[in-house]
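What the coordinates show
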Amino acid sequence: MNARNVMVYYRKINEKAHDVTFRSGAFGRVKLVLFSVFRAVIIIGMSYIILGPVINIVSNSFFSGSDVYNPSVFMIPLNPTLENYRRAFVRLDYFRTLGYTLVYIVTITLIQIFVCSMVGYGFARFDFPLKKLLFGCVIVTIVLPAHVIMLPLYQHFRKWDVLGIIEAVTGEAANLLSSETPMYLMTLFGTGLRSGLFIYIFRQFFRGLPKEIEEAAFIDGAGPWYTYFAIMLANAMPAVITVAVFSMVWQYNDMFYARLFSMPTSHILTFRLSTLQATVEFADQVKDPLISQLAVYAGITLVLLPILFIYFTLQKYFVEGIERSGIVG
Amino acid sequence: MKRKIRFTLSQKRAVTGLLFIMPWLIGFLVYYVRSLVLNVRFSLSKIEIMKIGGYRATYIGLQNYRYALLEHATFNQILVNSIRDVLIDIPFIIFFSLFMAILLNTKFKGRGIVRIIFFLPILLGSGAVLESLEQATRNITGGASATIAELSKTNQINIDYFLYIFEDLGLPVALVDYITGLVARIFEIVRASSVQIIIFLAALQSIPRSLYECAKIEGATAYETFWKITFPMVSPLILTNVVYTIVDFFVNSEVVDLAYEVAFTNYDYGLSAAMSTLSTAVVCLILVIVSALISRKTFYYN
């Protein structure tokens, strides 16, 4: 029996099996149609629940003051205006803030990828004493709510010092608050925003790669560092993209650390958005909360645009990456 | 020279491995272990904040805990409410995300777009955006995500009437409450389950196709296939998802906000630390119990 025959035979079996499940004839077809309708209803309904508020926000951001008080206006404004966008644009100082934010999240993401993949590789491929216990600690950092370490961290960065060196030189410990430095430092030492999860993802991924590549590299005289940088990291693209997207999105959305380290609002776009309504009310003399809310809607649209752009460009790789990156077992 | 020779290959690799994890190890010790210890110490002391930025701690024993649990106006209630909410949501989030993952895993037109839509909530997760989103949600009149109470106002439907009918039908009140509660918070639940959907989807795709083919040849129905193949194969991920749900829930819960407010508005570090420690202890307890319960029933393929 040659290969083609096997294929034909196999297909026949498959068709039969299909018939068994869906019971050939009209009954089976009705069942299939019913299932498709059911699926369509559920999916469209759920999509509406997710998209509804977003559509509402976007349409509201074009409303003018008179539309807000016109009860016959729903979703489509009668007097569309760009005034809200102008206000949000000016009060957010959009391009400047966005520039700072992008530099910040991209740097953080690069550090995350670099550090977490390194640590993940260390856990995946080397044996050292207490390895299981230490990896348990990584899990602990995933599970532990961040607010339990909030106050000591605040104090730590309020008077930041390494073994008293800074105090000896400048006479005073450095105050790292009101800047992004604490976040850079924490990320650099593998304890940034959800770093534990990223370490876990990388470890799972590296464990799934065949050992033979590294053995070949070793025999060819490559050291562990060279192997890691030149071979393993290049092979870990699915995991890298997964981590990159998650890291960027979560860092972009993060308010907890931004608030805790009182990062400058002029540098963090989402953080600035949280004060937009107050700013508009104060600076533009808009006293009506319903109307100043419109500027916030415009602001949200503006804030979501870049992250949506990043997501849409990467989403194909992202979904594929997640499926292959070993989050699963 | 002699010493160098004594290093075996495995010892060398152990050292390299430690070097690889060194950044994390330092960070863990400095930022986590130290902070945890300090946090417990804070919670056992009265903290006075100095003007130059330091603090002085005087040991006062369990007074902060006693105050948080017995005297503070809202802490008790908020903690209990958060625990109740998370326990109510978990079964539904898990069920819902598994269900959606199975639907999204079937072939249909426009699957790519639907997948993008379902992962959108991850992008909408920021604090400021969320607040406004919730506001916007409430403004959609007649939308499925409007709360029951508002539904009854805007659409002139008397929800209470239907609730009475359900109760007259003999359904237990707790069940009716549970379902109406879920419907009222459907938006939050859908939003909270997007990562879980991704994880289940990935799990579904990693199930070997041959298992399904076998089942088909043996004449198994779709129902049997689900319970004998799909469910056992994704069951390890149920634990992952439950843990993720609990952790994610407490990151954004009111308990955190309260602890933050007490620390940075009232400058009562001791009390705030006590609150954080208490809520963390509760979260860890829930995690341990839940994972112990689930891992007993889990099936591991390998």
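Every value quoted in this text rests on a predicted model; they were computed, and no experiment measured them. (Residues numbered from 1 in each chain as written. Chains lettered and ligands numbered in written order. Predicted model: local features only at pLDDT ≥ 70, side-chain atom pairs only at ≥ 80, totals over all residues. Heavy atoms only, no water.)

Secondary structure summary: chain B contains 15 helices and 2 strands in total. By residue count, 46% of the 302 residues in chain B fall in the buried class. Carbon and sulfur atoms make up 63% of the accessible area of chain B, which amounts to about 16,300 Å² in all. (Helix = DSSP H or I, 4+ residues; strand = E, 2+ residues; numbered from the N terminus. Buried < 20%, exposed > 50% of the residue type's maximum accessible area, 1.4 Å probe, protein only. Areas by Shrake-Rupley, 256 points an atom, 1.4 Å probe, with all protein chains shown as cover.)

Broken down by element type, chain A carries 17 helices and 0 strands. For chain A, with 329 residues in total, the buried portion stands at 50%. Considering only residue pairs separated by 6 or more positions, chain A has 70% of its internal contacts joining residues 24 or more positions apart. In the form shown here, chain A has an accessible surface area of approximately 15,800 Å², with 67% of it arising from carbon and sulfur atoms. (Contact = heavy atoms within 4.5 Å.)

All chains considered together, the criterion is met by 39 aromatic pairs over all chains. A centroid spacing of 5.8 Å and a plane angle of 75° characterise the contact between Phe-123 of chain A and Trp-24 of chain B, whose relative ring orientation is edge-to-face. Placement of the pair is Phe-123 of chain A in helix α5 (residues 94–125) and Trp-24 of chain B in helix α2 (residues 9–43), with the two residues belonging to separate chains. Taken as a pair, Phe-123 of chain A and Trp-24 of chain B share a single burial class, namely buried. Above the ring of Trp-250 of chain A, the side-chain terminus of Arg-194 of chain A is found at 4.1 Å from the ring centroid. (Phe/Tyr/Trp six-rings, centres within 6.5 Å; stacked < 30°, edge-to-face > 60°. Lys NZ or Arg CZ within 6 Å of the ring centre and 35° of its normal.)

All names here are of chain B. Within this numbering scheme, the UniProt entry marks residues 12–33, 86–105, 112–130, 182–204, 225–251 and 271–294 as carrying the feature "transmembrane region" (unreviewed entry). Between the end C-alpha atoms of residues 225–251 the distance is 37 Å, and the span holds 100% helix and 0% strand. End C-alpha to end C-alpha, residues 271–294 measures 34 Å, and it is 100% helix and 0% strand. (UniProt positions renumbered as here; feature names shortened; annotations may be inferred.)

A few words on helix α10 (residues 195–208) of chain A. Here α10 of chain A is 14 residues long and its end C-alpha atoms lie 20 Å apart, about the 20 Å a rise of 1.5 Å per residue gives. In terms of burial, α10 of chain A is largely enclosed, as 11 of its 14 residues are buried. (Expected span 1.5 Å × (residues − 1).)

On the secondary structure map, Thr-141 of chain A appears in helix α6 (residues 131–143). In this structure the side chain of Thr-141 of chain A is engaged in a polar contact, spanning 2.5 Å, whose partner is the backbone oxygen of Val-138 of chain A. In this structure Thr-141 of chain A touches Gly-196 of chain A together with Phe-28 and Tyr-32 of chain B, once residues within four positions along its chain are discounted. (Polar contact = N/O pair within 3.5 Å; in protein donor to acceptor, adjacent residues only side chain to side chain.)

In this section: the confidence of the model for chain B. Residue and element names in this part refer to chain B. Considering every residue of chain B, the mean pLDDT works out to 79; 84% of them sit at 70 or more. Confidence, expressed as mean pLDDT per element, reaches its minimum in chain B at helix α7 (residues 148–154) with 44 and its maximum at α2 with 89. Within the model, the stretch residues 140–156 combines pLDDT values under 50 with 30 contacts to residues more than four positions away or in other chains. Scored as a whole, the predicted complex attains pTM 0.82, and scored at its interfaces, ipTM 0.80. (pLDDT = per-residue confidence, 0-100.)

On to the confidence of the model for chain A, then. Summary statistics for chain A give a mean pLDDT of 81 and a share of 89% for residues scoring 70 or more. Least confident of the elements in chain A is helix α1 (residues 3–22) of chain A, whose mean pLDDT is 52; most confident is α5 of chain A, at 92.

A few words now on unusual backbone geometry. Residues and elements named next belong to chain A. In this model, Ser-178 sits at a positive phi of 60°, which is unusual for a non-glycine residue. Checked against the element boundaries, Ser-178 lands in the loop between α8 (165–170) and α9 (181–188). On the basis of relative accessibility, which here comes to 49%, the residue Ser-178 falls in the partly exposed class.

Right, let's talk about the pattern of salt bridges for a bit. Opposite charge on two side chains lets them pair, provided their charged atoms get close. Scanning the model with the defined rule gives 10 salt bridges over all chains in all. Ionic pairing is found between Arg-87 of chain A and Glu-83 of chain A, a salt bridge with its closest N-O pair at 3.4 Å. Taken together, the residues Arg-87 of chain A and Glu-83 of chain A, both in helix α4 (residues 83–92) and 4 residues apart, mark about one turn of the helix. With a relative accessible area of 15%, Arg-87 of chain A lands in the buried category. We classify Glu-83 of chain A as partly exposed; its relative accessible area is 29%. Among the salt bridges present, the one from Arg-259 of chain A reaches Asp-257 of chain B, with a minimum N-O distance of 3.7 Å. Separated into two different chains, Arg-259 of chain A in helix α14 (residues 256–260) and Asp-257 of chain B in helix α14 (residues 254–264) make up a pair that spans both. (Salt bridge = Lys/Arg side-chain N within 4 Å of Asp/Glu carboxyl O.)

Moving on, we get to the packing of helix α7 (residues 150–158) of chain A against α2 of chain B. Helix packing for two helices is described by the angle between their axes and how far apart those axes are. The interhelical angle for the contact between α7 of chain A and α2 of chain B, taken along N-to-C directions, is 110°, at an axis separation of 7 Å. Taken together, α7 of chain A and α2 of chain B sit at an angle that is classed as roughly perpendicular. Like other packed secondary-structure pairs, α7 of chain A and α2 of chain B cross with a definite hand, here right-handed. The residues of α2 of chain B that touch α7 of chain A, namely those facing Leu-151, Pro-152, Leu-153, Gln-155, His-156 and Phe-157 of chain A, are Val-30, Tyr-31, Arg-34, Ser-35, Leu-38, Asn-39 and Phe-42 of chain B. Class assignment for the residues of the contact of α7 of chain A with α2 of chain B results in 8 nonpolar, 4 polar and 1 charged. (Axes fitted to C-alpha atoms, helices over the stretch in contact; angles between N-to-C directions. Parallel < 35°, antiparallel > 145°, perpendicular 65-115°, else oblique. Left-handed = near helix turned anticlockwise from the far one by under 90°. Nonpolar A, V, L, I, M, F, W, Y, C, P; charged D, E, K, R; others polar.)

Residue and element names in this part refer to chain B. Turning to its location among the elements, Thr-225 is positioned in helix α13 (residues 222–251). Classification of Thr-225 as buried rests on a relative accessible area of 13%. Excluding residues that lie within four positions of it along the chain, Thr-225 makes contacts with Tyr-212, Ala-215, Ala-220 and Thr-230.

To continue, consider the interface of chain B and chain A. With 99 residues of chain B at the interface, the matching set in chain A holds 95 residues. By the criterion of area lost to chain A, the three top residues of chain B are Phe-20, Trp-24 and Tyr-31 of chain B, representing 11% of everything that side buries. Our enumeration of links across chain B and chain A arrives at 2 salt bridges. Between Asp-248 of chain B and Arg-194 of chain A there is a salt bridge, with the nearest N and O atoms lying 3.3 Å from each other. Viewed at the interface, chain A and chain B are joined by 8 residue pairs in polar contact (both at pLDDT 80 or more). A total of 24 residues in the side of chain B that touches chain A trace back to one element, the largest contributor, which is α2 of chain B. (Buried area = accessible area lost by both parts, 1.4 Å probe.)

Next up on the list: the nonpolar core. A general trend in soluble globular proteins is that nonpolar side chains are found buried together. Phe-123, Phe-157 and Phe-261 of chain A together with Trp-24 and Ile-246 of chain B are the most contacted members of the largest nonpolar core, which totals 166 residues. In terms of nonpolar packing, the next biggest core, distinct from the first, is built from 12 residues, Phe-75, Leu-79, Leu-258 and Val-262 of chain B among them. (Core = buried A, V, L, I, M, F, W, Y, C linked by side-chain atoms within 4.5 Å.)

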